[in-house]
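Structural overview
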Amino acid sequence: MLASENEFWENSVEPYIETLGANAAAAKKSLISADTEKKNAALKRIAEALIAHSSEIIEANAADLKAARENGMSLSMQDRLMLNEDRIKGISDAVSELIKLEDPIGRVDSGSVRPNGLRITKVRVPMGVIGMIYESRPNVTADAATLCLKTGNAVILRGGKEAYNSNKCICSIMRDAVEEAGFPKDIIQFVDDTTREVTTELMQCNKYLDLLIPRGAETYVSELRAFFHKL
């Protein structure tokens, strides 16, 4: 008898994260060689797709809000979690603003010529694969992914359980959009599990992650930092 999907993931945490890491490592190659025009075209597709699929995002967000109310989440936190057409437009506009920014990749920050004539320059390059751990604001899913895309990095996103449905929906829309723009979907990946065990494995995935960024309130970041130091 085949194990259930839940049993499979419970017994395969490390292979799951390893798979995300390997996928990201393979996908990042397409970003390293991508020029500014191609990256901006992908950002434009994301901005358009978020608006086009706003009803889907709002529906997914409604499920998160329902769970939030049932779990007694404060009204202020519910407001941070809530998405409507205006807020989705704001997320889309923020992506469009990235297009206008100078591409940092390839920029020469400094340089010098050695006495023997050797020229040495300090040039900005992508990090590679970035892991992002954040809490309940679903707009961070789009912010993190598009910032990574602009700077030529693949990203693995692990959002908070409170915004699970919203984050998963937004990530799926962005993955389709970047594929339409000629990139592999796996330049953007979503950790489809919010358990501590999976988060731990993501923190330890230094075989594939070049940088891990915790984002959120100071207490949240401090908690992650303390937890990471115990590993």
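Remember, it's a predicted structure, so these values are computed and weren't measured experimentally. (Residues numbered from 1 in each chain as written. Predicted model: local features only at pLDDT ≥ 70, side-chain atom pairs only at ≥ 80, totals over all residues. Heavy atoms only, no water.)

**Section: the pattern of salt bridges**
Inspection of every chain in the model, using the stated rule, returns 17 salt bridges. As a salt-bridge pair, Asp-93 and Lys-89 come within 2.9 Å of each other at their nearest N and O atoms. Placement of both Asp-93 and Lys-89 in helix 6 (residues 85–100) is noted, with a separation of 4 residues, approximately one turn of the helix. Salt-bridge contacts for Lys-168 lead to Asp-192; the nearest nitrogen and oxygen are separated by 3.5 Å. Of this pair, Lys-168 sits in helix 8 (residues 164–180) while Asp-192 sits in the loop between strand 5 (188–190) and helix 9 (196–203); the two residues are 24 residues apart in sequence, bridging distant segments of the chain. We classify Lys-168 as partly exposed; its relative accessible area is 38%. Here the residues in one salt-bridge network are Lys-44, Arg-45, Glu-48 and Glu-180, joined through shared partners. (Salt bridge = Lys/Arg side-chain N within 4 Å of Asp/Glu carboxyl O. Helix = DSSP H or I, 4+ residues; strand = E, 2+ residues; numbered from the N terminus. Buried < 20%, exposed > 50% of the residue type's maximum accessible area, 1.4 Å probe, protein only.)

**Examining helix 7 (residues 139–150)**
Between its terminal C-alpha atoms helix 7 stretches 17 Å, which fits the 16 Å expected from 12 residues at 1.5 Å a residue. Burial in helix 7 covers these residues: Val-140, Thr-141, Ala-142, Asp-143, Ala-144, Ala-145, Thr-146, Cys-148, Leu-149 and Lys-150. Looking one or two places after helix 7, you find Gly-152, whose phi comes out positive at around 80°. (Expected span 1.5 Å × (residues − 1).)

**Here's the deal with the packing of helix 3 (residues 36–52) against helix 8**
Running from amino to carboxyl end, helix 3 crosses helix 8 at an angle of 135°, the nearest separation of the two axes being 8 Å. It follows that helix 3 is oblique to helix 8 by the angle criterion. Crossing of helix 3 over helix 8 shows right-handed handedness. Where helix 3 abuts helix 8, its residues Ala-42, Arg-45, Ile-46, Ala-49 and Leu-50 lie against Ile-170, Ile-173, Met-174, Ala-177, Val-178 and Glu-180. Per-class residue counts for the contact of helix 3 with helix 8 are 9 nonpolar, no polar and 2 charged. (Axes fitted to C-alpha atoms, helices over the stretch in contact; angles between N-to-C directions. Parallel < 35°, antiparallel > 145°, perpendicular 65-115°, else oblique. Left-handed = near helix turned anticlockwise from the far one by under 90°. Contact = heavy atoms within 4.5 Å. Nonpolar A, V, L, I, M, F, W, Y, C, P; charged D, E, K, R; others polar.)

Any functional reading would require information that these geometric values do not contain.
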